[in-house]
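Here is what each chain is made of, one letter per residue.
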Amino acid sequence: VGFESQGNLVVPQRQKGLGPRDLVFIFFRRRWIVLAIALPIILVGGLNLLGRVGTFTAASRVLIELMNVDQPRWNTASRNIDYDREMSTFINIGLSVAVADLAAIALADSLPVIRSLDPNLAELEDGSEFRDFLLGGLDVNVVGESNILEFRHTTANPRVALMANGAMRNAFIQYENLGSRNSGAVDYYAEQISSVRASIDSLLAVRGKVMEKFDLTSLEE
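Residues numbered from 1 in each chain as written. Predicted model: local features only at pLDDT ≥ 70, side-chain atom pairs only at ≥ 80, totals over all residues. Heavy atoms only, no water.

A. Here's a closer look at the environment of Gly137. Residue position: Gly137 is located in the loop between helix 6 (128-136) and strand 4 (138-142). Once residues within four sequence positions are removed from consideration, Gly137 is found in contact with Arg152, His153 and Thr154. (Helix = DSSP H or I, 4+ residues; strand = E, 2+ residues; numbered from the N terminus. Contact = heavy atoms within 4.5 Å.)

What follows is the structure, encoded as structure tokens:
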């Protein structure tokens, strides 16, 4: 509010524009605005809450060791480990189709039991449909700022949740430890190493013959 002088009187004059107090006043006078903003938030929260009623969650944790001599990329002698990037990679592996396929194969014999435990899964088929079911209820996250992954699987039946969670966790461990994701790359790597070792052995043999021919006891001579 400003003021202008008219003779000996000072008359208040309202400035143009809305201030914070005006906005608060309008919100409280126009309650439908508050309702229009709050109602969608309440509806979304209520639907999420109803969607979780009657479900069970099974959880398990896996400790990730980032210092593995079989994986040179974890070598800290040349660079620091980027924990955020590495753990993010492991999360995506845990949620991958390849891991879910291994879990589905491991649970193939238990599929009839799963169907009997949950009426909603009576028509669940083996293969990609079963794999998608395992992925659909799975959530993988890092525990705090640690190198621990937590696997959480949510379904309508507690026993099914336990079975699915255990299968996905074990499949992740198998996928990582056995290197099944890079089987072709591992074979190629082993072939290249064998070739290099053969070349080194050949060069060592040549060096031995040269030293023997010239009666040398060391390369410095």
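B. Focus on the side chain of Thr155. Take Thr155: it is sitting in strand 5 (residues 148-155). Residue Thr155 is classed as buried on the basis of its relative accessible area of 7%. Separated by 2.9 Å, the side chain of Thr155 and the backbone oxygen of Asn157 make a polar contact. In contact with Thr155, other than residues within four places in its own chain, are Thr55, Phe56, Phe133, Val160 and Ala161. (Buried < 20%, exposed > 50% of the residue type's maximum accessible area, 1.4 Å probe, protein only. Polar contact = N/O pair within 3.5 Å; in protein donor to acceptor, adjacent residues only side chain to side chain.)

C. Broad picture of the environment of Val62. Looking at the secondary structure, you find Val62 in strand 3 (residues 56-63). A relative accessible area of 9% means that Val62 is categorised as buried. Residues Val62 and Glu150 lie 88 residues apart in sequence; the distance between their C-alpha atoms is 6.4 Å. Setting aside chain neighbours within four positions, we find Val62 in contact with Asn147, Ile148, Leu149, Phe151, Arg169, Phe172 and Ile173.

D. Spatial organisation of the packing of helix 4 (residues 97-106) against helix 6. At a minimum axis separation of 9 Å, helix 4 and helix 6 run at an interaxial angle of 115°. In terms of their interaxial angle, helix 4 and helix 6 are classed as roughly perpendicular. Considering how the two elements wind past one another, helix 4 and helix 6 form a crossing that is right-handed. Across the interface between the two elements, Val97, Ala100, Asp101, Ala103 and Ala104 from helix 4 touch Phe130, Arg131, Leu134 and Leu135 from helix 6. (Axes fitted to C-alpha atoms, helices over the stretch in contact; angles between N-to-C directions. Parallel < 35°, antiparallel > 145°, perpendicular 65-115°, else oblique. Left-handed = near helix turned anticlockwise from the far one by under 90°.)

E. Local environment of the environment of Asp132. In this fold, Asp132 is placed in helix 6. Relative accessible area serves as the criterion here: at 43%, Asp132 is assigned to the partly exposed category.

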